[in-house]
Amino acid sequence: MRDFKLVFTGPMGVGKTTAIAAISETAPIATEVANADASVAKATTTVGLDFGQVTLDNGDRLRLYGTPGQARFDFMWKILVRDALGLAILIDNSRPDPLADLAAYLDGFAGALQKMPCTIGVTRLRTHPAPTLDDYAGALAARGLVLPVLAMDPRRKDEVVALIETLLMQIEAIDEEVAP
């Protein structure tokens, strides 16, 4: 059995804690405190990390880590992404400028993105249809990036699994390219 680390990141309130809870086999560990940021209607916020795990059919285990969403905790981003196999960036389409949010996380994880696969999960797309998935793809292309972009609801286990499967397929494709 092998352990692999995947990291979920994105703005506060996007659903990182919820996504991990939706699929974790064990009760997730969360470091939540009362939210003092009045700009986000949310009772609590992650200040350290979230943690959950999933065992794959072959016995390998995925350790799932969620970063704090607030930029003031970005030092944790660098710690949590260290030795990760992949990164899932979640973006809330109901926020005032979700494409700017995406840019902030692409910049914040630029070093890691040079070495690891990444998938973008767009939440609340059903209730806030703009920007579209094509707009996200265009923003990525403008940076020279080609990354999968999926609509997802972090409360739905099947949609979180689809996001992780997309990330794992990228990892497998890279492994096959590297293997002789």
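Residues numbered from 1 in each chain as written. Predicted model: local features only at pLDDT ≥ 70, side-chain atom pairs only at ≥ 80, totals over all residues. Heavy atoms only, no water.

## Quick notes on the overall build of the protein
Turning to step 1, where the next piece is worked out: Along the backbone of the protein there are six helices and seven strands.
Turning to step 2, where the next piece is worked out: Across the 180 residues of the protein, 47% fall into the buried class.
Turning to step 3, where the next piece is worked out: Taking as baseline every contact in the protein between residues at least 6 positions apart, the subset at least 24 positions apart corresponds to 68%.
Turning to step 4, where the next piece is worked out: Roughly 9,100 Å² of accessible area belongs to the protein as shown, and the carbon and sulfur atoms make up 56% of that amount. (Helix = DSSP H or I, 4+ residues; strand = E, 2+ residues; numbered from the N terminus. Buried < 20%, exposed > 50% of the residue type's maximum accessible area, 1.4 Å probe, protein only. Contact = heavy atoms within 4.5 Å. Areas by Shrake-Rupley, 256 points an atom, 1.4 Å probe, with all protein chains shown as cover.)

## Examining the packing of aromatic side chains
Turning to step 1, where the next piece is worked out: Taken as a whole and assessed by the stated rule, the structure comprises four aromatic pairs.
Turning to step 2, where the next piece is worked out: When the ring of Trp 77 is compared with that of Tyr 105, the centres are 4.8 Å apart and the planes differ by 35°; the resulting orientation is tilted. Linking Trp 77 in helix H2 (residues 74–81) with Tyr 105 in helix H3 (residues 98–108), this pair joins segments that are 28 residues apart in sequence. Exposure class is identical for Trp 77 and Tyr 105. Each is buried.
Turning to step 3, where the next piece is worked out: For the ring pair Trp 77 and Phe 109, a centre distance of 5.3 Å and an interplane angle of 15° mean the geometry is stacked. Taken together, the residues Trp 77 in helix H2 and Phe 109 in the loop between H3 and helix H4 (110–113) connect sequence positions 32 residues apart.
Turning to step 4, where the next piece is worked out: When its relative accessible area of 5% is taken as the criterion, Trp 77 is described as buried. (Phe/Tyr/Trp six-rings, centres within 6.5 Å; stacked < 30°, edge-to-face > 60°.)

## As for H2
Because each turn of an α-helix spans 3.6 residues, side chains separated by three or four positions end up pointing in the same direction.
Turning to step 1, where the next piece is worked out: Along H2, the residues that are buried comprise Met 76, Trp 77, Leu 80 and Val 81. Seen from one end, H2 has its buried residues packed into an arc of 120°, which puts them on one side.
Turning to step 2, where the next piece is worked out: Following H2 by one or two positions, Asp 83 has its phi on the positive side, about 65°. (Arc of directions from axis to C-beta.)

## A look at the nonpolar core
Turning to step 1, where the next piece is worked out: Grouped together as the largest cluster of nonpolar side chains are 26 residues, with contacts concentrated most on Leu 87, Ile 89, Leu 102 and Ile 120.
Turning to step 2, where the next piece is worked out: Where this core is concerned, the elements lending two or more residues are H2, strand E5 (86–92), H3, H4, strand E6 (118–123) and helix H5 (133–142).
Turning to step 3, where the next piece is worked out: Examining the composition of this core, we find that four residues originate from one element, H2, more than from any other.
Turning to step 4, where the next piece is worked out: In terms of nonpolar packing, the next biggest core, distinct from the first, is built from 20 residues, Leu 62, Leu 64, Leu 90 and Met 152 among them. (Core = buried A, V, L, I, M, F, W, Y, C linked by side-chain atoms within 4.5 Å.)

Structural measurements only, silent on function.
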